[in-house]
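Structure at a glance
Each chain, letter by letter, is given below.
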Amino acid sequence: MKMLVSISCLVLSFNLFAQTRSITLVNYENEGVKQWLPGTIIAKKGEEVEITLINNVPSGIHGFFIPDFNVRKEVKKGVKEVVKFKADKEGLFSMKCHLHPAHVGGQLLILP
Ligand SMILES: [Cu+2]
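Since the model is a prediction, treat every value here as computed from it, not as a measurement.

Cut-off values and rules
- Residues numbered from 1 in each chain as written.
- Predicted model: local features only at pLDDT ≥ 70, side-chain atom pairs only at ≥ 80, totals over all residues.
- Heavy atoms only, no water.
- Donors = N, O, S within 2.8 Å, 3.2 Å for Na, K, Ca; no water.
- Tetrahedral: all angles 85-135°; square planar, octahedral: opposite > 155°, others 65-115°.
- Buried < 20%, exposed > 50% of the residue type's maximum accessible area, 1.4 Å probe, protein only.
- Phe/Tyr/Trp six-rings, centres within 6.5 Å; stacked < 30°, edge-to-face > 60°.
- Helix = DSSP H or I, 4+ residues; strand = E, 2+ residues; numbered from the N terminus.
- Lys NZ or Arg CZ within 6 Å of the ring centre and 35° of its normal.

Our next topic: the coordination of the copper ion. Taken together, the protein ligands of the copper ion are H62 (ND1), C97 (SG), H100 (ND1) and H103 (NE2), with distances of 2.1 to 2.3 Å. Here the copper ion is ringed by four donor atoms whose angles at the metal span 93 to 145°, and the overall shape comes out irregular. Mapped onto the sequence, the donors of the copper ion take the spacing H-x34-C-x2-H-x2-H. With relative accessibility at 3%, the residue C97 sits in the buried group.

Here is the structure:
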């Protein structure tokens, strides 16, 4: 029983020290070309990632989609949204607007 409590405390402590990486992306539009900026974001494997999305472009609602992390959010003009996910795998992943595929895509780099 004592060992079970010790293991539980260890797991709890590990979770308490998980790092959160907070990033803000702003939707940018110029002559019809739209992109979330910065276009490349970087995190480390194991971090909790919290992305604040700000969309103030004239064309209205846009999407933010990271298929590999099941992140999908529609962001209305003037309404700040926040998405969160755990960076539980490393590599280079695409980010895009799932509403308007003609967007310039961004990339998410998860380091070891
Ligand atoms: Cu869009």
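By the definition in use, this model includes three aromatic pairs. Note on W36 and F64: the rings are 5.9 Å apart at their centroids and 90° apart in plane angle, and the pair reads as edge-to-face. Pair noted here: W36 is in strand β2 (residues 33-37) and F64 is in strand β5 (residues 62-66), with a separation of 28 residues, a long-range link. In this pair, the class of W36 matches that of F64, namely buried. Note on F69 and F93: the rings are 5.0 Å apart at their centroids and 80° apart in plane angle, and the pair reads as edge-to-face. One end of the pair, F69, is in the loop between β5 and β6 (71-75); the other, F93, is in strand β8 (residues 91-95), and 24 residues separate them in sequence. Across this residue pair, the class does not change: F69 and F93 are buried. An aromatic cluster of at least three residues, connected via ring pairs, comprises F69, F85 and F93. Over the ring of F65 we find R72; its NZ or CZ atom is 4.2 Å from the centre of that ring. One cation-aromatic arrangement involves K89 over F69; the distance from NZ or CZ to the ring centre is 4.9 Å.

Honestly, that's just the spatial picture; any functional story needs more than this.
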